[in-house]
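Chain by chain, the residues:
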Amino acid sequence: MYQYDNYDHQMLRDRIAQYRDQTQRYLDGKLSEAEFLPLRLQNGLYIQRLAPMLRIAVPYGMLSSRQLRKLAYIANHYDKGYGHFTTRQNIQFNWPALEDLPDLLTELAEVEMHAIQTSGNCIRNTTTDQFAGVAVDELEDSRGYCEIIRQWSTFHPEFAYLPRKFKIAVCGTKVDQAATQLHDIGIYLVSNTAGETGFRILAGGGLGRTPIIGKEIFDFVEKKHLLTALEAILRVYNREGRRDNKYKARIKILVKETGVDAFKQKVNHEWEDLKASGLQLTDEEITRCQSFFTDPDYQTLDNEPDTLKQQLSENLMFASWHEQNVNPHKIDGYAIVTVCFKSTGVAPGDVTDIQLNALADLSDKYSFGEARVTHDQNVVLADVPQEDLFSLWQELQSAAMSSQNLGLLTDLICCPGGDFCALANAKSIPIAESIQRKFSSVEAQKEIGKLSLNISGCMNACGHHHVGNIGILGVDKKGDEFYQVSLGGSSSKEASLGKIIGPAFAEEEIPAVIETIVDVYKNNRQENELFIDTFQRMGIAPFKEKVYAKAD
Amino acid sequence: MQKLIKDGTIANDSWTIIKTATGPEIFQAAPGKAFIVPLQLWKDFREEIEEYNGSIAVWLDSNESINKIGAGLQSLPLIALNFPAFSDGRSYSNARELRLAHNYKGEIRAIGDVLRDQVFFMSRCGFSSFQLREDQDADACLMALNDFSDAYQLSAAEPLPLFRRR
């Protein structure tokens, strides 16, 4: 994991001192609401429906056990005992008081954490695939590059007042679990014909009111030019992105309105000026940042040890969890475990102080003291010896974190919705709950297979409904809450946006509608087709027909 | 009276900004003074400006491109960049471009909605003087120029980003 040096620590202390002064001036009435707003947002503090909401950055999802314990402490002391993992690998707390924030930030700084640029019109937390560094088919570990981007974007003086928020994702794994193409900038590690590793860079992807898949700006950028290329894109956006309408202010609209080719030209023009500058990366810096993400002290172990085989054959529950939640690891004898604690009646992403402490203990005991937050609001223990899987599973069971629905229908993504969020048109958590109740049997879910279901309470799309195989969007119809259903979305490397099936449904209709959609798939699937495959083969018509068929 | 910070101290301001003007009459009527004029006026009345015995500088609004200045950029003693609202970040890019791409060495002045909580970033982008909004405390703004002891990025004053100095 990255370790702060004196420079990092000092700048973090400087920011806390600056923010403490800004908060005091606001409380004293010397700083207006409008002038304080971007300052607190760029320190992660929203004012929400019920209370302030603080979003803490988890750079590319990596957490040490020490940091997990600190988050548990914060949940306990500043919140009501729980936090919420977000779809961008961060964690947020819903109740800290505005005047307590400088002290809270001081505590976070002790474990090299902060809330810098987790909100506001600036460059946000850089995210990546949760299997980075341990995946079987990885080109190169993305995390060193994420850290390079994190430092470049932190307090970047030119890009603190962009037209709108700006999100970057980096992916070096074969299977893209980072929704890379749906980011303002999406970066894939690729190799060129000469066998050198570099970057394919997309821009202009995003969800929200106008969902768009990112367009390729550079097919191959040399490593040393990662930051010069990013800075060129950001400069064009900062200058030319629309500032007259916040709904048209994201870079995706600029790329669309300018045209990809014209946009590329502008970026290349800026890039020419930047290429020779000091921003060009040095081999030393790349090596330095990568050195924080080297392999832990792996032991020489056998794949599929006999003890594991025996445990799998003796315990069906364990076998079921293993089948769903354990992924292959690049090192023999190790496994990647995804801890899933989404369960009926609990908002996806919600995590208690007890669970945070348990995760800290389990990561110390089984996974070299580190854990990772995923884009699907789960937590990964990336380096678990296969011979320890059974005892890990037993401990997860007693901590209520052994849900075995990973990747299945009830492992859904859901925003906080109208119960918490001031922007929402409709509630989303009760909708999630009603679906989870309808499909409570894991066996039935396994029979359905991999299926992503994403729910957003409004057009801002925090629940990523556009890219769910099934997407649900809360809409307001003359004061009543209705839900629009779309099908066929995907955030994988073959990213696609869902198509709306037809008129919206009332809240109580939703579980039956989802069941009908799933039945159409089950009745029509061929061989090993997943839901998304069947949908792509048949199109939306057969689903639509059944869902809107008049009752006999 | 708006206060001015220049080169790290509170300074007297010898320049007068002409906010909107269609012709050269204002400076022609005041010989030997110093005026900051809109870019378009500077482009339209080059001869009159040549003949004027005082000093003329230009200001650009946040939506105006540095490239519009064209020939004569390097001879300008001062270029002012406007912040119509403190949350409009375009002038940051213009200042960086002046310093880094054009290697402009003259004074770059922040005008408009210039506030204490943004002057640090402005100075990192290459602004060397700040005409503060009327209600701002100049001493506090001066201190804010030192809010951070270092930065990850390169700047006009520090051509090496932190990763080249670590």
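Rules of the game
- Residues numbered from 1 in each chain as written.
- Chains lettered and ligands numbered in written order.
- Predicted model: local features only at pLDDT ≥ 70, side-chain atom pairs only at ≥ 80, totals over all residues.
- Helix = DSSP H or I, 4+ residues; strand = E, 2+ residues; numbered from the N terminus.
- Rg over C-alpha atoms; globule rule 2.2 N^0.38 Å.
- Buried ≥ 20, exposed ≤ 12 C-beta atoms within 10 Å, placed from the backbone.
- Contact = placed C-beta atoms within 7 Å.
- Pairing = 2+ DSSP bridges.
- Axes fitted to C-alpha atoms, helices over the stretch in contact; angles between N-to-C directions.
- Domains from an automatic or database assignment.
- Nonpolar A, V, L, I, M, F, W, Y, C, P; charged D, E, K, R; others polar.
- pLDDT = per-residue confidence, 0-100.
- Core = buried A, V, L, I, M, F, W, Y, C linked by C-beta atoms within 7 Å.
- Parallel < 35°, antiparallel > 145°, perpendicular 65-115°, else oblique.
- Left-handed = near helix turned anticlockwise from the far one by under 90°.
- Arc of directions from axis to C-beta.

Novice: Any chance you could explain the overall build of chain B here in plain terms?
Specialist: In terms of helices and strands, chain B carries six helices and eight strands. In chain B, the succession of helices and strands from N to C terminus is β-β-β-α-β-α-α-β-β-α-β-α-β-α. Here the C-alpha atoms of chain B give a radius of gyration of 16 Å, agreeing with the 15 Å that 2.2 N^0.38 yields for 166 residues. If one aligns the C-alpha atoms of chain B with their principal axes, the spans along those axes are about 50 × 35 × 25 Å. Within chain B, the fraction of its 166 residues that count as buried is 42%. Long-range contacts, defined here as pairs at least 24 residues apart, represent 47% of the contacts in chain B between residues at least 6 apart.

Novice: Would you mind going over the overall build of chain A with me for this structure?
Specialist: Counting its secondary structure elements, chain A contains 18 helices and 21 strands. Since a compact globule built from 552 residues should have a radius of gyration of about 24 Å, the 23 Å found for chain A is in line with a globular shape. Based on the C-alpha atoms only, the size of chain A along its principal axes is roughly 65 × 60 × 55 Å. Within chain A, buried positions represent 54% of all 552 residues. Summarising the internal contacts of chain A: among those between residues at least 6 apart in sequence, 68% fall at separations of at least 24.

Novice: How should the sheet that holds strand β11 (residues 326-328) of chain A be read in this particular structure?
Specialist: Strands belonging to one sheet form pairs held by backbone hydrogen bonds; the direction of such a pair is parallel or antiparallel. All names here are of chain A. Pairing within the open sheet is antiparallel, and its five strands lie in the order β3-β14-β15-β12-β11. At either margin of the open sheet sits one strand with a lone partner, and together these are β3 (62-64) and β11. Shown here is a sheet whose adjacent strand axes are inclined to one another by a mean of 30 degrees, direction ignored. Bridge count for β11 against strand β12 (residues 334-339) is three bridges, and the pairing is antiparallel. In the sheet register, Asn-327 faces β12, and the bridge partner there is Ile-336. Against the sheet, helix α13 (residues 389-398) makes contact with β11, β12 and β15 (379-385), and its axis sits at roughly 15 degrees relative to β12, the strand it touches most.

Novice: How should unusual backbone geometry be read in this particular structure?
Specialist: Negative phi is the rule for most residues except glycine; trans is the rule for most peptide bonds. The residue Phe-368 of chain A is not glycine, and still its phi comes out positive at about 55 degrees. Assignment of secondary structure puts Phe-368 of chain A in the loop between α12 (353-366) and β14 (370-373). A positive phi angle is found at Asn-103 of chain B, which is not glycine, with a value near 55 degrees. Considering the arrangement of structural elements, one finds Asn-103 of chain B in the loop between α4 (90-101) and β7 (107-112). Looking at Asn-103 of chain B, the number of C-beta atoms within 10 Å reads 9, which means it is exposed.

Novice: Just checking my understanding: could you explain the domain arrangement of chain A for this structure?
Specialist: Accessible area lost on assembly of the parts is the figure often given for the size of an interface. Residue and element names in this part refer to chain A. For chain A, the assigned domains read domain 1 (6-110), domain 2 (127-291), domain 3 (306-398) and domain 4 (413-547). Taken together, the contacts link 21 residues of domain 1 with 20 residues of domain 3. When grouped by side-chain class, the residues that make up the side of domain 1 that touches domain 3 number ten nonpolar, ten polar and one charged.

Novice: Would you mind going over the interface of chain B and chain A with me for this structure?
Specialist: Of the residues lining the interface, 29 residues belong to chain B; the matching set on chain A comes to 29 residues. At the level of secondary structure, the elements contributing two or more residues to the side of chain B that touches chain A comprise α4 and α5 (119-124) of chain B. A per-class count over the side of chain B that touches chain A returns 15 nonpolar, five polar and nine charged.

Novice: Quick question: what am I supposed to make of the confidence of the model for chain B here?
Specialist: Parts of the model with low pLDDT should not have their predicted coordinates read in detail. Here chain B shows a mean pLDDT of 95. Residues at 70 or above account for 100%. Across the assembled chains, the prediction reports ipTM 0.97 with pTM 0.94.

Novice: Just to check I follow, could you spell out the nonpolar core for this structure?
Specialist: What tends to happen in soluble globular proteins is that the nonpolar side chains get buried as a cluster. Among the nonpolar cores identified, the biggest contains 198 residues, and Ile-201, Ile-233 and Ile-517 of chain A together with Phe-130 of chain B are the most heavily contacted of them. With nine residues, helix α6 (residues 226-240) of chain A is the largest single contributor of residues to this core. With residues up to four places along the chain from it excluded, the contact list for Ile-201 of chain A reads Ile-185, Ile-187, Ile-217, Phe-218, Val-221 and Ala-229 of chain A.

Novice: Whenever I open this one, the packing of α6 of chain A against helix α8 (residues 260-275) of chain A confuses me. Can you help?
Specialist: Packed helices, taken two at a time, are described by the angle between their axes plus the distance between the axes. All names here are of chain A. Two elements in contact, α6 and α8, have axes whose closest approach is 8 Å; the angle formed by their N-to-C orientations is 130 degrees. In terms of axis orientation, α6 runs oblique to α8. α6 and α8 meet at a crossing whose hand is right-handed. Counting all contacts with α6, which are made through Thr-228, Ala-229, Glu-231, Ala-232, Ile-233, Arg-235 and Val-236, the residues of α8 involved are Lys-266, Val-267, Glu-270, Trp-271, Leu-274 and Lys-275. The residue makeup of the contact of α6 with α8, split by class, is seven nonpolar, one polar and five charged.

Novice: Any chance you could explain the packing of helix α3 (residues 65-78) of chain A against helix α4 (residues 101-110) of chain A here in plain terms?
Specialist: Residue and element names in this part refer to chain A. Relative to each other, α3 and α4 sit at 165 degrees, their axes nearing to 10 Å. Considering their axes alone, α3 and α4 lie roughly antiparallel with respect to each other. Considering only the axes of α3 and α4, their crossing is right-handed. Here Lys-70, Ile-74 and Tyr-78 of α3 come into contact with α4, specifically with Leu-104, Glu-107 and Leu-108. Taken together, the residues that form the contact of α3 with α4 break down as four nonpolar, no polar and two charged.

Novice: Please explain the environment of Leu-132 of chain B as it appears in this structure.
Specialist: All names here are of chain B. Here Leu-132 shows up in the loop between β8 (129-131) and α6 (138-144). The exposure class of Leu-132 is buried, given the 23 C-beta atoms found within 10 Å. Between the C-alpha atoms of Leu-132 and Gly-112, which are 20 residues apart in sequence, the distance is 7.6 Å. When neighbours within four sequence positions are excluded, Leu-132 is seen to be in contact with Gln-2, Lys-3, Ile-5, Val-114, Ala-138 and Cys-141.

Novice: Please clarify how the pairing of strand β8 (residues 185-191) of chain A should be interpreted in this entry.
Specialist: Put simply, side chains in a regular strand alternate between the two faces of the sheet. Residues and elements named next belong to chain A. Taking burial as the measure, the seven residues of β8 include five buried ones, the bulk of the element. Two elements, strand β7 (residues 168-171) and β8, share four bridges in a ladder whose sense is parallel. When the bridges of β8 are listed, Val-170 appears paired with Ile-187. In this structure, β8 lies alongside strand β9 (residues 197-203), joined through seven bridges in antiparallel fashion. Among the inter-strand pairings, Ser-191 is bridged to a residue of β9, identified as Thr-197. Counting the residues between successive antiparallel strands, the hairpin from β8 to β9 contains five residues, one of them, Gly-195, with a positive phi of roughly 85 degrees.

Novice: Would you take a moment to explain helix α17 (residues 531-538) of chain A for this structure?
Specialist: Within an α-helix, residues lying three or four positions from one another point in the same direction, as the helix has 3.6 residues per turn. Residues and elements named next belong to chain A. For α17, the complete set of buried residues consists of Phe-531, Ile-532 and Phe-535. End-on view of α17: buried residues confined to an arc of 95 degrees, all on one side of the axis. Against the buried residues of α17 lie β19 (480-487) and α16 (510-524). Note on α17: the residue one or two positions beyond its end, Gly-539, has a positive phi of about 80 degrees.

Novice: What exactly am I supposed to notice about the sheet that holds β8 of chain A here?
Specialist: Across the sheet, which stays open at both edges, the five strands sit in the order β6-β7-β8-β9-β10 (chain A) with mixed pairing between neighbours. Taken across any chain shown, the strands that pair with only one partner, and hence form the sheet edges, are β6 (127-128) and β10 (215-222) of chain A.

Novice: Teacher, can you tell me more about the environment of Thr-127 of chain A here?
Specialist: All names here are of chain A. With respect to the helices, strands and loops of the structure, Thr-127 is situated in strand β6. Along the sequence, Thr-127 and Thr-374 sit 247 residues apart, while their C-alpha atoms lie 9.3 Å from each other. If sequence neighbours within four positions are ignored, Thr-127 has contacts with Tyr-60, Gly-61, Arg-88, Gln-89, Ala-169, Ala-178 and His-375.

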